[in-house]
Amino acid sequence: MSTRSPQESSASAGPSGDGPDTGEGTAIAEPPEQAARARRRQRRRRVLLAVLVFVVLIALGLGGLLWQRQASYNGNIDRLPGTMPTGPRPGPNVVGTENWLLVGSDTRVEAHTTGEGGQLWKPGQQRSDTLMLLHLPAERDKAYVISIPRDSWVPVPGYGTQKINAAFSYGGPPLLIQTVESLTGVRIDHFGAIDFNGFKDMTDALGGVDVHIAETVSDPKNNITWQAGKNHLDGDKALLFVRQRYNLPNGDFDRIKRQQAFLRAVTQKAAEGGTVTNPLKLDRFLSAFTKSISVDESVSAGDLRSLALSMRNVRGSDITFMTVPNKGPAARGRQSVVLLDDAKAKLLYEAVRGAEVAEYVKEHGGANSVGKVS
């Protein structure tokens, strides 16, 4: 099935017949240079919409679905059965909006989490290293990525108060979604997960990305020192960069900002002409990404295409990164946890439910600056 837009079709389709019609009333064909520029602009728009965040974690795969290899890219993406929880759930979101729960871990979701005897999720075998709520407004002109600290001390249905990433270990996506919905009152429409090892292949496919570090900091666990200023990351360094947690001034909070800074850098690099105009590099990038993600079984290729098209005008500057309001680290028994600021967080959750996140940011702030990180 052709994926050309009406504009492309009308630009490339000539009058009927074997040759050009030069009679009166016939439209003059575009000069070759102008047509080529138009095609490049359309390709850039397609890839740019593919570089939203988990939007990079999700939408990059979506953009690939618009290309000639859509079947291959779509086939790379795992669909997870039984992802959504059963029982009482929050009511529908504002018409047109969409909320995705996105997780990142050191193994692709389906791998290393399948237990024996029909158990899909083996207790204690995997926890989520990154947890993000992606909110898409109905207009699809912006995207909001809200990180939830993995050590957030919250009620986990059936398990008492626990770190939120324990929910993923105890019951996989359904329990994690149930936990987040109970915490926020926000209905989750879709689930997506990415294997952090996919970051390595994606980064190398782009020829590396640049991040900016505020002050020189070392990672004694991995024997690497990050110099103040611009740091160029290949795939291996990208993994070290997003995984480091210890010896950072603000621990896991700096780790969250590093992950967001990395996603921002990937977005910028993927949108550059060198990637857009190089079919081999673009194919390698999209293949690496789609091989590293899993989504709930209700997400079809058509859904992804529709979402990608609806977000075709979104730019990197239209993505706002945030962290759920919190009171910082605390101790619960022998555990180091993060206490959420329930009163402030409630305002953010209400903004998501009411599709008023832009107004929330204007009034309360909360956007993370990720141009330079620890």
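See above for the structure.
Only a predicted model underlies this, so the values are computations on that prediction, with no experimental measurement involved. (Residues numbered from 1 in each chain as written. Predicted model: local features only at pLDDT ≥ 70, side-chain atom pairs only at ≥ 80, totals over all residues. Heavy atoms only, no water.)

**What to know about the overall build of the protein chain**
Right, on to step 1. When helices and strands are counted, the protein chain shows 13 helices and 15 strands.
Right, on to step 2. Residues counted as buried form 50% of the 374 residues belonging to the protein chain.
Right, on to step 3. The long-range share in the protein chain, meaning contacts at least 24 apart out of those at least 6 apart in sequence, stands at 70%.
Right, on to step 4. Roughly 17500 Å² of accessible area belongs to the protein chain as shown, and the carbon and sulfur atoms make up 48% of that amount. (Helix = DSSP H or I, 4+ residues; strand = E, 2+ residues; numbered from the N terminus. Buried < 20%, exposed > 50% of the residue type's maximum accessible area, 1.4 Å probe, protein only. Contact = heavy atoms within 4.5 Å. Areas by Shrake-Rupley, 256 points an atom, 1.4 Å probe, with all protein chains shown as cover.)

**Observations regarding the pairing of strand E8 (residues 209–213)**
Right, on to step 1. Here E8 shows a buried face lined by Val209, Val211 and Ile213 and an unburied face lined by Asp210 and His212.
Right, on to step 2. Bridging between E8 and strand E11 (residues 229–233) involves five bridges; their strand directions are antiparallel. Among the inter-strand pairings, Val209 is bridged to a residue of E11, identified as Leu233. (Pairing = 2+ DSSP bridges.)

**Some thoughts on the packing of aromatic side chains**
Right, on to step 1. Going through the model one piece at a time under the given rule, you end up with two aromatic pairs.
Right, on to step 2. Judged by centre distance (5.6 Å) and plane angle (75°), the rings of Trp226 and Phe241 are edge-to-face. Separated by 15 residues along the polypeptide, Trp226 in strand E10 (residues 224–226) and Phe241 in helix H7 (residues 235–243) bring together distant segments of the chain.
Right, on to step 3. Residue classification places Trp226 among the buried residues on the basis of a relative accessible area of 2%.
Right, on to step 4. Residue classification places Phe241 among the buried residues on the basis of a relative accessible area of 0%. (Phe/Tyr/Trp six-rings, centres within 6.5 Å; stacked < 30°, edge-to-face > 60°.)

**Some words on the side chain of Gln162**
Right, on to step 1. In this structure, Gln162 sits in strand E6 (residues 160–163).
Right, on to step 2. Among the residues examined, Gln162 registers a relative accessible area of 18% and is labelled buried.
Right, on to step 3. From its side chain, Gln162 meets the backbone oxygen of Tyr159 in a polar contact 3.1 Å long.
Right, on to step 4. What Gln162 contacts, discounting residues up to four positions off in sequence, is Ser152, Trp153, Val154, Val156 and Tyr170. (Polar contact = N/O pair within 3.5 Å; in protein donor to acceptor, adjacent residues only side chain to side chain.)

**Brief notes about the environment of Lys257**
Right, on to step 1. Position of Lys257 relative to the elements: it lies in helix H8 (residues 252–270).
Right, on to step 2. Note on Lys257: relative accessible area 31%, which makes it partly exposed.
Right, on to step 3. In sequence terms Lys257 and Ser374 are 117 residues apart; their C-alpha atoms lie 8.2 Å from each other.
Right, on to step 4. The contacts of Lys257, once residues within four sequence positions are left out, are Asn368, Val370 and Val373.

**Here we look at the packing of helix H6 (residues 197–205) against H7**
Right, on to step 1. Across the interface, H6 lies against H7 with an axial gap of 7 Å and an inter-helix angle of 135°. Classified by the angle their axes make, H6 and H7 are oblique. Two packed elements cross with a definite hand, and for H6 against H7 that hand is right-handed. Here H6 contributes Asn197, Phe199, Lys200, Thr203 and Asp204 to the contact with H7, which in turn contributes Gly235, Asp236, Ala238, Leu239, Val242 and Arg243.
Right, on to step 2. Taken together, the residues of the contact of H6 with H7 sort by class into four nonpolar, three polar and four charged. (Axes fitted to C-alpha atoms, helices over the stretch in contact; angles between N-to-C directions. Parallel < 35°, antiparallel > 145°, perpendicular 65-115°, else oblique. Left-handed = near helix turned anticlockwise from the far one by under 90°. Nonpolar A, V, L, I, M, F, W, Y, C, P; charged D, E, K, R; others polar.)

**Let's talk about the pattern of salt bridges**
Right, on to step 1. Within this structure, the stated rule accounts for nine salt bridges.
Right, on to step 2. Between Arg89 and Glu181 there is a salt bridge; the shortest N-O distance is 2.5 Å. Residue Arg89 is located in the loop between strand E1 (78–80) and strand E2 (98–105), and its partner Glu181 is located in helix H5 (residues 164–184); the two are separated by 92 residues in the primary sequence.
Right, on to step 3. When the shortest N-O distance is used, the salt bridge between Lys142 and Asp318 registers 3.9 Å. Pair noted here: Lys142 is in the loop between strand E3 (130–136) and strand E4 (143–147) and Asp318 is in the loop between helix H11 (301–310) and strand E13 (319–323), with a separation of 176 residues, a long-range link.
Right, on to step 4. Assessed through its relative accessible area of 32%, Lys142 is described here as partly exposed.
Right, on to step 5. Salt bridges sharing common partners tie together Asp151, Lys163, Arg245, Asp252 and Arg255. (Salt bridge = Lys/Arg side-chain N within 4 Å of Asp/Glu carboxyl O.)

**Some points on H6**
Right, on to step 1. Turning to H6, its buried residues are Gly198, Phe199, Met202, Thr203 and Ala205. End-on, the buried residues of H6 take up no more than an arc of 160°, which puts them together on one face.
Right, on to step 2. Looking at the buried positions of H6, the neighbouring elements they touch are strand E7 (190–195), E8, E11, H7, H8 and helix H10 (279–290).
Right, on to step 3. Gly207 occupies a position one or two residues after H6 and carries a positive phi of about 80°. (Arc of directions from axis to C-beta.)

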